[in-house]
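# Fold and contact review
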Amino acid sequence: MANNKPMLSIKGLKKYFPIRAGVFSRVSGYVRAVDDISLTIYPGEVYALVGESGCGKSTTGHLIMKMLKPTTGEVIFEEQEIFSLRKREEKSLRKQVQLIFQDPYSSLNPRMTVGESIGEALEVHGIAKGEERQAKVKAVLELCGLAGYHYRRYPHEFSGGQRQRIVIARALVLEPRFIVADEPVSALDVSIQSQIINLLKELQSKMGLTYLFISHDLSVVKHMADRIAVMYLGSLVEESTKSQFYERPLHPYTQALLSAVPEWDISSRKKRIILKGDVPSPANPPAGCRFHTRCQYCMEICVQERPDLKEAAPGHLVACHLVHR
Amino acid sequence: MKSGLLNDFMRAFQKNRQATFAAAILLGIIFFAIFAPVFATHNPTYIRLAQEQIQLPPTALHLLGTDNLGRDIWSRMLFGARISLLVGFLTMLITIIFGVAYGAVSGYYGGKLDFMMMRFVDISLSLPTIFLVIILASFFKPDFFGIAVIIGLTSWMRTARLVRGQFLSLKEEEFVTAARALGYSDCRIIFVHILPNVRALIIVNATLLVAQAVLLESALSFLGFGVQPPQFSWGSMLSASQQIIFLEEAPWTAFFPGLAIFITVLCLNFFGEGLRDAWDPKLKNIAS
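Every value quoted in this text rests on a predicted model; they were computed, and no experiment measured them.

So, about the overall build of chain B. Within chain B one finds 13 helices and 0 strands. Going from the N terminus to the C terminus, chain B shows its helices and strands as α-α-α-α-α-α-α-α-α-α-α-α-α. Out of the 288 residues in chain B, the part that is buried amounts to 42%.

Written as structure tokens, this is what we have:
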């Protein structure tokens, strides 16, 4: 995989949100939602980004979708830096990169039929009109496990799982190559989750998709991902292949996360690592290693120096002084 | 399924007897205004100054009596309704078009632009409406269209605020993010994706605006700054009976036009509130 040309690479990406206070709304500080992230995603893989709430996963996804402007840093999709694109180039980027949302209830316009919601993009991008458009929409609905006659229905007539299928169909109608899936199943029932996960995998092989899969659920990630990156307080702490991740996690934070996954088999149950305290505020992150306030192995160097994300084994990057001694 | 939603709406609306009754009366008034020449018994502008012709009480010949210039009040009511309602409706159109556009831009783009635009709204709201209208009206000597523009200019602010608030919350919905991700233009997102979700609120607001405009036009005409003769509205009929001597001798010259204004505004308000409640009970107390 490493020989491939990267599909998407992120270099030194930062997003600071200003905190405004007082009568003149002066900037009194910054929330460091994404703080210096670099990663590379290759064609055909599922790259999972995991971490707890508020660690900047979704902000990263939105930055890749060009929904937000970064403070600094680059996002390069197919050798093009996306933030310096002109209008026309941006339109072609929109055809290639699409987004799937967490909440299937608010991500569909309640006033538009399913057919309108999905077919609109075809018209805006000048791909298909009239009957051709309808045929294409019906085809993509069927591809996503819905029926052609759902075309004229409104979103409120569908269940959560079906709506998520509609959202997926809308994202796929332009035949994109890269999908940012922002917690696509976390709002659904467990039984429906597996259906949607299977659908996403099936579509991946049918259409040759590449995913950035954002999730906080490690058991879902286990089914989907090829490579996994762990985020903590706006930065990456570990990046590895799936097998390395589940068998030899190196970063103490990753180990704690994995120990928290419920296990049905008593014999394989690990000792639960309970982290001390809360996640520090991203407006005022700790100096040195971001994780040192909660790390059970905290050393002197961790308080002073921020560890770099370095290779510990082939394809296994980790940012921890404990590993890189 | 659009018809399904419409049916639900109609059922909820018809349950509200007050609003249904108001709607029926309004339809009646509009009907009379449109077919005024059919129902009018006299030429509404024909003046008879002979002593036995002026300020006649209601009789079979003059259904609602005659005014101080001997004109038939019933016929004048019918034709006056045309101007009153037309001004109300035009004002509403102008207010809605301008207010919605202003609110949509302010709410959708947000940030500094929104801040500036909303301060301008605050300033406009602090000007005393009636004086502003009088000053504008006395400068321009407007016809009924001009009056509608002037009243519209002083009443778009609340609509703009209302729409801005809705846009602020709707633009954070994920379907708007999805539309942006699909590469749609801002214009398309505002008009095709967000505006239809504010439609109910706008229509309700529009109904209440008509009521407000009818009242304001009456006040303006009463003070003599409204439509100028030979045009006349219910408000200018009232103004003819300003002097206390007419009220003592011929109270019907003021009573009937006043009653017409009262009933029309009341029905418009009931109708608007009925629409609002039928559309979405959650909207209670928001759309005014």
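With that settled, the discussion passes to the domain arrangement of chain A. All names here are of chain A. For chain A, the assigned domains are domain 1 (43-72 + 80-225) and domain 2 (238-325). With centres defined by C-alpha atoms, the gap from domain 1 to domain 2 works out at 31 Å. With 6 residues of domain 1 in contact, the opposing surface of domain 2 contributes 7 residues. Of the residues that constitute the side of domain 1 that touches domain 2, the class distribution is 2 nonpolar, 2 polar and 2 charged.

So, on to the interface of chain B and chain A. Contact with chain B, which involves 14 residues of that partner, is made by 21 residues of chain A. The set of elements that each furnish at least two residues to the side of chain B that touches chain A consists of helix 9 (174-181) and helix 10 (186-222) of chain B. Take the side of chain B that touches chain A: its biggest share by element is 6 residues, from helix 9 of chain B.

Attention now goes to the sheet that holds strand 4 (residues 72-77) of chain A. Residues and elements named next belong to chain A. Across the sheet, 4 strands lie side by side as 2-1-4-5; this open sheet has antiparallel pairing. Looking at strand neighbours, the two that pair on one side only are strand 2 (26-41) and strand 5 (80-81), the edges of this open sheet. Of the pairings in the sheet, the one linking strand 1 (residues 8-21) to strand 4 comprises 5 bridges and is antiparallel in character. In the strand pairing of strand 4, Lys 14 is matched with Thr 72.

All names here are of chain A. Reading across the sheet, the 8 strands line up as 6-7-8-3-9-10-12-11 and stay open at both edges, with mixed pairing between neighbours. Both edges of this open sheet fall to strand 6 (97-100) and strand 11 (310-313), since each of them pairs with a single strand only. Neighbour to neighbour, the strand axes of the sheet diverge by 25 degrees on average, direction disregarded. Pairing of strand 7 (residues 178-182) with strand 8 (residues 210-215) involves 5 bridges; the strand directions are parallel. Directly across from Asp 182, in strand 8, lies its bridge partner Ile 214. Contacts from helix 1 (residues 57-64) reach strand 3 (46-50), strand 7, strand 8 and strand 9 (227-232) within the one sheet, and its direction differs from that of strand 8 by about 150 degrees. Against the sheet, helix 9 (residues 252-259) engages strand 9 and strand 10 (235-241), with an angle of about 105 degrees to strand 9.

What follows deals with the pairing of strand 3 of chain A. All names here are of chain A. Counting buried positions over the 5 residues of strand 3 gives 5, a clear majority of the element. On strand 3, burial covers both faces: Val 46, Ala 48 and Val 50 on one face and Tyr 47 and Leu 49 on the other are all buried. Relative to strand 8, strand 3 runs parallel, the two sharing 5 bridges. From the neighbouring strand, Leu 49 faces strand 8, where its bridge partner is Ile 214. The pairing of strand 3 with strand 9 spans 4 bridges and is classified as parallel. By the bridge assignment for strand 9, Leu 49 is matched with Ala 229.

Bringing the pairing of strand 4 of chain A into the picture now. Residues and elements named next belong to chain A. Across 2 bridges, strand 4 lies against strand 5 in antiparallel orientation. Bridge pairing in strand 5 places Phe 77 opposite Gln 80. Connecting the antiparallel pair strand 4 and strand 5 is a turn made up of 2 residues, with Glu 78 showing a positive phi of about 50 degrees.

With that settled, the discussion passes to the nonpolar core. Residue and element names in this part refer to chain A. If you look at the biggest cluster of nonpolar residues, it comprises 152 residues, and the most contacted ones within it are Ala 48, Ala 169, Leu 212, Phe 213 and Val 230. When residues are assigned to domains, this core turns out to be shared by domain 1 (43-72 + 80-225) and domain 2 (238-325), each giving three or more. Residues in contact with Leu 212, not counting those within four places in the same chain, are Ile 41, Tyr 47, Leu 49, Gly 61, Ile 64, Val 180 and Ala 181.

All names here are of chain B. Closest axis-to-axis distance for the helix 4 (residues 73-109)/helix 10 pair is 7 Å, and the angle between their directions is 140 degrees. With respect to helix 10, the element helix 4 is oriented oblique. You can see that helix 4 and helix 10 cross each other, and the crossing is right-handed. Touching Ser 84, Val 87, Gly 88, Phe 89, Thr 91, Met 92, Thr 95, Ile 96, Val 100, Ala 104 and Tyr 108 of helix 4 are Ile 190, Leu 195, Ile 202, Ala 206, Leu 209, Val 210, Ala 213, Val 214, Glu 217 and Ser 218, all from helix 10. Looking at side-chain class alone, the contact of helix 4 with helix 10 contains 15 nonpolar, 5 polar and 1 charged residues.

Rules behind the numbers
Residues numbered from 1 in each chain as written. Chains lettered and ligands numbered in written order. Predicted model: local features only at pLDDT ≥ 70, side-chain atom pairs only at ≥ 80, totals over all residues. Helix = DSSP H or I, 4+ residues; strand = E, 2+ residues; numbered from the N terminus. Buried ≥ 20, exposed ≤ 12 C-beta atoms within 10 Å, placed from the backbone. Domains from an automatic or database assignment. Contact = placed C-beta atoms within 7 Å. Nonpolar A, V, L, I, M, F, W, Y, C, P; charged D, E, K, R; others polar. Pairing = 2+ DSSP bridges. Axes fitted to C-alpha atoms, helices over the stretch in contact; angles between N-to-C directions. Core = buried A, V, L, I, M, F, W, Y, C linked by C-beta atoms within 7 Å. Parallel < 35°, antiparallel > 145°, perpendicular 65-115°, else oblique. Left-handed = near helix turned anticlockwise from the far one by under 90°.

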